[in-house]
Amino acid sequence: MQSENNQLYIGGVSADELARRYQTPLYVYDVSRIRATISEMKAAFAAEKVHYEISYASKAFSVVAIYDLLKDEKIHCDAVSGGEIATIEKAGFPMKNVSFNGNNKSLDELKMAVDYGVGTIIIDNFHELDLLTGLLEKRQQTQNVLMRLSPGISAHTHEFISTGQQDSKFGFDLLSGQAKTAFDQIQASKYLNLRGLHAHIGSQIFETDGYSHLVDLLCKTAHDWHFQPEIIDVGGGFGIRYNEEDDPIPNATFIHLICQSARTASRQYGLSLPEIWIEPGRSIVGPAGYSLYTIGGRKDIPGIRSYLSVDGGMGDNIRPALYGAKYEAVLANQLNAAVKQVVRIAGKYCESGDVLVWQQELPKTKAGDLLAILATGAYGYSMASNYNRNPRPAVVFAENGHAQLVVKRESFADITRLDMDYEVEND
Ligand SMILES: Cc1ncc(COP(=O)(O)O)c(C=O)c1O
Ligand SMILES: N[C@@H](CCCC[NH3+])C(=O)O
């Protein structure tokens, strides 16, 4: 965390100046931190001397500015909806470097992907397989695809963000044999070019075992199917630090172990080492993001607790309410002042569960002070809502002392824009 004169700085710009210029609540990204993470990941792969691709998972944070940055960093990205593809297209991001995941892609979304020339479609289920094959046949066009497997591996993470277990809506089920049936169908189609296998075991993962098992399983499956994959894609999920309870494994360690496992498994199953793809979202943008809020009201309940309310909440960060996620906050305008209180930081939404930090030590605070919640760069803006008709905050990118507004704050006019003007008929 950068600080100067007891003030929080983000990308070389003081939080105070950011709040004055753009108001609060505000999402701010430290752009050089995103670049550093990508460089760290690239260096880890380069050290392994493997062919690889880092495909940023858009769901973590999808706006034009992030794709501009990824273009600059020359990595790929993964989309899961027509809306994300439209945002990627607006950024002029090379479509050949885009993959398309999702467990219920509509025909319109598949058409959009094929029309735009999305590089890789990651086929998830039989319905999609039929839709895509029909579409390509009509157009007499071929498409590069991966197959998403449901590997039956449970990562130790929150149930709602664990995706690799057998009881999951994602991917072709391996254990029941459905995946093999799908594989045969894909291989039999002259419109589908199957480049490899994909699986994702979950998110916010703090151990490496799941990935080693997964790599082994993907290679063993390929071997059993007499298939030499060009690619194995092990998904995303690398855990990050939100508060002091989190002790994440460095991205480079995950990558090293994934590559080592791939080497071992390829040798064991008689495969040439495939290209290794990862799909990290949270680990690329999460630690680089800050949410700035202005402190408002306070409620002290004797013998119970104190609530500090801020001008945002579950509409800009649903994760504490949805997953019980724990964050850490700092008093941005008194960064190093001594701790004087323990408070619960609540939002302004009409829900008791609208909490941003369950238990936070802070210096003495007063209304008007600036609070920053750390590591909110992933699944904050991307999961934001207009609950209680609150406008979504603006997004600012800060780098080398320069701040750039990249998404405008919503106005009340934006909030009411889609409500139709209609005549009420009185009879
Ligand atoms: C298929 C797939 N890839 C990548 C990700 C990104 O995960 P994370 O943001 O934890 O890296 C997800 C989300 O969990 C996912 O479902
Ligand atoms: N939205 C989740 C992670 C995404 C899981 C999707 N596979 C979170 O905030 O942690």
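Source: prediction; values computed, not measured.

(A) The arrangement of the pairing of strand β20 (residues 394-399) in detail. With five of six residues buried, β20 lies mostly within the body of the structure. Pairing analysis gives five bridges linking strand β4 (residues 26-30) to β20, with the strands arranged parallel. Directly across from Tyr27, in β20, lies its bridge partner Val395. Taken together, the five bridges between β20 and strand β21 (residues 402-407) define a ladder with antiparallel strand orientation.

(B) Inspection of the pattern of salt bridges at higher detail. Scanning all chains against the criterion turns up 18 salt bridges. The salt bridge partner of Arg195 is Glu230, with a shortest N-O separation of 2.9 Å. Of the two residues, Arg195 sits in strand β11 (residues 192-198) while Glu230 sits in the loop between α8 (209-224) and β12 (231-233), which places them 35 residues apart along the sequence. On the basis of relative accessibility, which here comes to 18%, the residue Arg195 falls in the buried class.

(C) Focus on the sheet that holds strand β1 (residues 2-4). Strand order across the open sheet formed by three strands is β1-β2-β3, with antiparallel pairing between neighbours. If you trace the sheet from one side to the other, it starts and ends with β1 and β3 (13-14), each paired once. With two bridges connecting them, strand β2 (residues 7-10) and β3 associate as antiparallel partners. Bridging across to β3, Tyr9 finds its partner in Ser14.

(D) Local environment of the pairing of strand β15 (residues 305-310). Only one face of β15 is covered, namely the one carrying Ser306, Leu308 and Val310; the face carrying Arg305, Tyr307 and Ser309 has none of its residues buried. Pairing geometry for strand β14 (residues 289-301) and β15, over five bridges, is antiparallel. Looking across to β15, one finds that Asp300 is bridged to Ser306. Connecting β14 to the next strand, β15, in antiparallel fashion are three residues, including Gly303 with a positive phi near 75 degrees. Summarising the sheet, β15 and strand β17 (residues 341-346) pair through three bridges and their orientation is parallel. Bridge pairing in β17 places Ser309 opposite Ala346.

(E) Inspection of the nonpolar core at higher detail. Of all hydrophobic cores here, the largest spans 89 residues; its most connected members are Tyr56, Phe61, Ile66, Leu132, Met147 and Val285. Beyond its immediate chain neighbours, meaning those up to four positions away, Met147 contacts Ile123, Phe172, Ala179, Ala182, Phe183, Ile186, Leu194, Gly196, Leu197, His198 and Trp225. Membership of the second largest hydrophobic core comes to 21 residues, among which are Ala15, Leu26, Val28 and Tyr290.

(F) The arrangement of the site of ligand 1 in detail. The local shell around ligand 1 holds 14 residues, among which His200, Ser203, Glu279, Arg282 and Tyr379 are the closest. Contacts to ligand 1 include Gly237, whose backbone N or O atom sits 2.8 Å from an oxygen atom. A distance of 2.6 Å is found between an oxygen atom of ligand 1 and a side-chain nitrogen or oxygen belonging to Tyr379. Surface burial for ligand 1 is 95%, taken as the share of its 390 Å² of free accessible area covered by protein chains. Of the residues belonging to the shell around ligand 1, the class tally is three nonpolar, seven polar and four charged.

(G) Highlighting the packing of helix α2 (residues 31-48) against helix α9 (residues 251-268). Taken N-terminus to C-terminus, the directions of α2 and α9 make an angle of 30 degrees; their axes are 9 Å apart at the nearest point. Between α2 and α9, the interaxial angle falls into the category roughly parallel. Considering how the two elements wind past one another, α2 and α9 form a crossing that is right-handed. For the pair α2 and α9, the contacting residues are Thr37, Glu40, Met41, Ala44, Phe45 and Glu48 in the first and Asn251, Ala252, Ile255, His256, Cys259, Gln260 and Arg263 in the second. A per-class count over the contact of α2 with α9 returns six nonpolar, four polar and three charged.

(H) Molecular detail of the side chain of Asn125. Its location among the elements puts Asn125 in the loop between β8 (120-123) and α6 (126-139). When its relative accessible area of 17% is taken as the criterion, Asn125 is described as buried. A polar contact is formed between the side chain of Asn125 and the backbone oxygen of Asn103, at a distance of 2.9 Å. Only 2.8 Å separates the side chain of Asn125 from the backbone nitrogen of Glu128, close enough to count as a polar contact. Not counting chain neighbours up to four residues away, the residues in contact with Asn125 comprise Asn103 and Phe172.

(I) Broad picture of the UniProt feature "binding site: pyridoxal 5'-phosphate" (unreviewed entry) in the chain. The residues that UniProt annotates with the feature "binding site: pyridoxal 5'-phosphate" (unreviewed entry) are Gly237, Glu279, Pro280, Gly281, Arg282 and Tyr379. Its place among the elements puts Arg282 in helix α10 (residues 282-285). Among the polar contacts listed, one links the side chain of Arg282 to the side chain of Ser203, at a separation of 2.6 Å. One can find Tyr379 in the loop between β19 (370-374) and β20.

Rules used in this analysis
- Residues numbered from 1 in each chain as written.
- Chains lettered and ligands numbered in written order.
- Predicted model: local features only at pLDDT ≥ 70, side-chain atom pairs only at ≥ 80, totals over all residues.
- Heavy atoms only, no water.
- Buried < 20%, exposed > 50% of the residue type's maximum accessible area, 1.4 Å probe, protein only.
- Helix = DSSP H or I, 4+ residues; strand = E, 2+ residues; numbered from the N terminus.
- Pairing = 2+ DSSP bridges.
- Salt bridge = Lys/Arg side-chain N within 4 Å of Asp/Glu carboxyl O.
- Core = buried A, V, L, I, M, F, W, Y, C linked by side-chain atoms within 4.5 Å.
- Contact = heavy atoms within 4.5 Å.
- Near = heavy atom within 4 Å.
- Polar contact = N/O pair within 3.5 Å; in protein donor to acceptor, adjacent residues only side chain to side chain.
- Areas by Shrake-Rupley, 256 points an atom, 1.4 Å probe, with all protein chains shown as cover.
- Nonpolar A, V, L, I, M, F, W, Y, C, P; charged D, E, K, R; others polar.
- Axes fitted to C-alpha atoms, helices over the stretch in contact; angles between N-to-C directions.
- Parallel < 35°, antiparallel > 145°, perpendicular 65-115°, else oblique.
- Left-handed = near helix turned anticlockwise from the far one by under 90°.
- UniProt positions renumbered as here; feature names shortened; annotations may be inferred.

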